[in-house]
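# Close look at the chain arrangement
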Amino acid sequence: MAGIVSPSSPTALYFTSNLGARRLKAVSWSGKSVSGNVLRRRNLRVAAEVKFVNAEEAKQLIAAEGYKVVDVRDKTQFERAHIKSCHHIPLFIFNEDNDLGTIVKRTVHNNFSGLFFGLPFTKLNPEFVKSVRNEFSQDSKLLLVCQEGLRSAAAASRLEEAGYDNIACVTSGLQSVKPGTFESVGSTELQNAGKAGLITIQGKISAVLGTVLVCALLFITFFPDQAEKLFPPS
């Protein structure tokens, strides 16, 4: 009498293809009996790995191959600038949890990264894959974009595990996109959507302080008598 079949770990074989930056991955699963006679079963599925492209190649994927743009950035960056007609499904969402540990972390974050770089305090979106499934079938062609390229790569990995085979990402993210490459919506250019906080006015502050110091030096140099009256020695 045959026993119950238990699947073992999958094995992957890679094949070179002519699909640009892609490779084809053949994943197989084998099974064996845990009791009684040994049974073996093997299933084979060929899946294309994630394609990484530059901005111009991404534009061709949209126009010629029908890829849909999925923006996985957080809400703040998305609202500053995004590709027109894209779908916004964030990989990270605002972390508004109120347990003590989260409150401490949020306070520290908001007084450093949040203040200087304008970065929101976020957590992994537990509904990310589900949200994608609600909008796209597994055979959909998806172009994932973020600001630096890291979140889109992470999102692509999660979707690949969920069975999505036609996925592309923009290498280095929207920060590498030249103005005018994509039609965009928002208050700034796509490549500047990640810039916020005090760091955006640091240059202006430095310029103002430098101007004040130069003017003070010139005043002291050319009008020493008046300078001495205004700034008497102690």
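Only a predicted model underlies this, so the values are computations on that prediction, with no experimental measurement involved. (Residues numbered from 1 in each chain as written. Predicted model: local features only at pLDDT ≥ 70, side-chain atom pairs only at ≥ 80, totals over all residues. Heavy atoms only, no water.)

### Points about the overall build of the protein chain
Defined as follows: Only DSSP runs of H or I covering at least 4 residues are called helices, and only runs of E covering at least 2 are called strands; the numbering of each starts at the N terminus. Per-residue accessibility, obtained with a 1.4 Å probe over protein chains only, is compared with the maximum for each type, and a residue is labelled buried under 20%, exposed over 50%, and partly exposed between these values. Whether two residues are in contact is decided by their heavy atoms: any pair within 4.5 Å suffices. All accessible-area figures derive from a Shrake-Rupley calculation using a 1.4 Å probe, and residue coverage is judged against the displayed protein chains alone.
Looking only at helices and strands, the protein chain features 8 helices and 13 strands. Expressed as a percentage of the 234 residues in the protein chain, the buried residues total 32%. Long-range pairs, those at least 24 residues apart, make up 65% of the contacts in the protein chain between residues at least 6 apart in sequence. Approximately 14,700 Å² of the protein chain is accessible, and the part contributed by carbon and sulfur atoms is 58%.

### Quick look at unusual backbone geometry
Backbone geometry follows two general trends: most residues other than glycine have a negative phi, and most peptide bonds adopt the trans configuration. At Ser85, a residue that is not glycine, the phi angle is positive and equals roughly 70°. Topologically, Ser85 is positioned in the loop between strand S7 (81-83) and strand S8 (87-88). Overall, the relative accessible area of 66% leaves Ser85 in the exposed class. With a phi close to 70°, Ser172 is a non-glycine residue in the positive phi region. Within the element layout of this structure, Ser172 appears in the loop between strand S12 (166-170) and strand S13 (184-186).

### Quick notes on a nonpolar patch on the surface
Using the following cut-off: For patch detection, residues must exceed 30% relative accessible area and be free of salt bridges, and they are connected within 9 Å for like charges or within 5 Å for nonpolar side chains (Val, Leu, Ile, Met, Phe, Trp, Tyr). Criterion for a salt bridge: a side-chain nitrogen of Lys or Arg within 4 Å of a carboxyl oxygen of Asp or Glu.
On the surface, a cluster of nonpolar side chains totalling about 290 Å² of accessible area is made up of Leu100, Val104 and Val108. Structurally, the position occupied by Val108 is in helix H3 (residues 100-111).

### A few points about the pattern of salt bridges
Counted by the stated rule, this structure contains 6 salt bridges. Across the pair Glu148 and Arg151 runs a salt bridge whose closest N-O atoms are separated by 3.3 Å. Under the relative-accessibility criterion, Glu148 is labelled partly exposed at 34%. Given the relative accessible area of 15%, Arg151 is considered buried.

### Remarks on helix H6 (residues 150-161)
Quick note on the threshold: One less than the number of residues in a helix, times 1.5 Å, gives the span that helix is expected to have. Arc definition: it is the arc formed by the directions from the helix axis to the C-beta atoms.
The end-to-end C-alpha distance of H6, which contains 12 residues, comes to 17 Å, matching closely the 16 Å that a straight helix rising 1.5 Å per residue would cover. Among all positions of H6, only Arg151, Ser152, Ala155, Ala156 and Leu159 are buried. Each buried residue of H6 lies within a common arc of 135° when the element is viewed along its axis, so the set occupies one face. For H6, exposure combined with an orientation more than 90 degrees from the buried face picks out Leu150 and Glu161. Here the buried face of H6 lies against helix H2 (75-80), strand S9 (92-94), helix H5 (128-135), strand S11 (141-145) and S12. Positive backbone phi, approximately 105°, marks Gly163, located one or two places after H6.

### Some words on the state of the cysteines
Filter applied, for reference: When two cysteine sulfur atoms lie within 2.5 Å, the pair is treated as a disulfide.
Applying the stated rule across the entire model yields 0 disulfides. No disulfide involves Cys146; its nearest neighbouring cysteine sulfur is the one of Cys169, lying 7.8 Å away. Classification of Cys146 as buried rests on a relative accessible area of 0%. You can call Cys169 buried: its relative accessible area is 1%.

In short, geometric facts, not functional conclusions.
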